[in-house]
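The residues making up each chain are set out below.
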Amino acid sequence: MRLRNILTIATSFVVAISLTGCGAGPNAESRTITRVTDGAETAITKDGSNIKVRNLLLVELSDGSGTGVLVGSIISTADQEDALLGISVNGINALYSGESVMAKNSVIQFEGASANAKAVIPGMNVSAGKETVVSLFFAKAGLVTINAIVRDQRDTYAGITA
């Protein structure tokens, strides 16, 4: 009887460990996840550039126009000044306004309370839930392309406008 109780407890313990994922060890896939947002991220670290793109995504406006608005941040920590020359989505040029020169430790913020730039893509025609290619053109860092998700204009993004 006692052996039966010990085996039951031991079996329960083994099942509990394997079901919770602790049995996968320190290299478990769930431990290596670093992306905690829908936004895409990349870095440009060539030819003296040190530019980071963070939380980049597009919001499809709900007015039926197929227009998209860029959301995210571009951070430069390079010693040399650079400039954001343009943005395109699937080959369609964005209507860009705001800050474009990037000195050391500067941020270009698209949308939100601290926004200092705006990029609107008329006729983007990519529906929410799909990914699309965003191209960023820099004076010194060159071209970077990134796959970004398109979100619909609700919840966190309800206040985004063209």
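Attention in this report is confined to the structure presented alongside it. As the structure is a computational prediction, the values presented were derived from the model and not from experiment.

## Re the overall build of the protein
Here comes step 1: Across its full length, the protein carries one helix and eleven strands.
Here comes step 2: Along the protein, from the amino end to the carboxyl end, the secondary structure elements read α-β-β-β-β-β-β-β-β-β-β-β.
Here comes step 3: Per-residue burial over the protein gives 35% buried out of 162 residues.
Here comes step 4: Long-range pairs, those at least 24 residues apart, make up 58% of the contacts in the protein between residues at least 6 apart in sequence.
Here comes step 5: Accessible surface computed for the protein: about 9,400 Å², of which carbon and sulfur atoms make up 53%.

## Some points on the nonpolar core
Here comes step 1: One finds Ile74, Ile87, Phe110, Val134, Leu136 and Phe138 to be the most contacted residues of the largest nonpolar core, which totals 28 residues.
Here comes step 2: Of all elements in the fold, only β1 (40-44), β2 (51-60), β3 (68-76), β4 (82-89), β8 (106-110), β9 (117-121), β10 (131-138) and β11 (142-152) reach the threshold of two or more residues within this core.
Here comes step 3: Ignoring anything within four residues of it in the chain, the contact list for Phe138 reads Ile44, Ile51, Ile74, Asp82, Ala83, Leu84, Leu85, Met102 and Val144.
Here comes step 4: Ranked by size, the runner-up nonpolar core spans eight residues in total, among them Val69, Val71, Val120 and Tyr157.

## Looking at the pattern of salt bridges
Here comes step 1: Taken as a whole and assessed by the stated rule, the structure comprises four salt bridges.
Here comes step 2: A salt bridge links Lys104 to Asp79; its shortest N-O distance comes to 2.7 Å. Within this pair, whereas Lys104 is found in the loop between β7 (101-102) and β8, its partner Asp79 is found in the loop between β3 and β4, the two being separated by 25 residues in sequence.
Here comes step 3: Using a relative accessible area of 66% as the deciding quantity, one classes Asp79 as exposed.
Here comes step 4: Note that Lys118 is salt-bridged to Glu111, the shortest N-O span being 2.5 Å.

## Quick look at the side chain of Ser49
Here comes step 1: Tracing the backbone through its elements, the reader meets Ser49 in the loop between β1 and β2.
Here comes step 2: Sequence-distant contacts of Ser49, that is, excluding residues within four places in its chain, are made with Ile44, Ala78, Gln80, Asp82, Lys140 and Ala141.

## Structural notes on unusual backbone geometry
For residues other than glycine, phi is negative in most cases, and the peptide bonds are mostly trans.
Here comes step 1: In this structure, Asn90 takes a positive phi of about 50° despite not being glycine.
Here comes step 2: Of note, Asn90 is situated in the loop between β4 and β5 (92-93).
Here comes step 3: At Asp155, a residue that is not glycine, the phi angle is positive and equals roughly 55°.
Here comes step 4: In this fold, Asp155 is placed in the segment after β11.

## Focus on the side chain of Gln109
Here comes step 1: Note that Gln109 resides in strand β8.
Here comes step 2: Accessibility expressed as a relative area gives 19% for Gln109, which makes it buried.
Here comes step 3: Here Glu111 takes part through its backbone oxygen, which lies 3.5 Å from a polar atom of the side chain of Gln109.
Here comes step 4: Setting aside chain neighbours within four positions, we find Gln109 in contact with Gly72, Ser73, Ser114, Ala115, Asn116 and Ala117.

Calculation notes
Residues numbered from 1 in each chain as written. Predicted model: local features only at pLDDT ≥ 70, side-chain atom pairs only at ≥ 80, totals over all residues. Heavy atoms only, no water. Helix = DSSP H or I, 4+ residues; strand = E, 2+ residues; numbered from the N terminus. Buried < 20%, exposed > 50% of the residue type's maximum accessible area, 1.4 Å probe, protein only. Contact = heavy atoms within 4.5 Å. Areas by Shrake-Rupley, 256 points an atom, 1.4 Å probe, with all protein chains shown as cover. Core = buried A, V, L, I, M, F, W, Y, C linked by side-chain atoms within 4.5 Å. Salt bridge = Lys/Arg side-chain N within 4 Å of Asp/Glu carboxyl O. Polar contact = N/O pair within 3.5 Å; in protein donor to acceptor, adjacent residues only side chain to side chain.

Keep in mind these values describe shape, not function.
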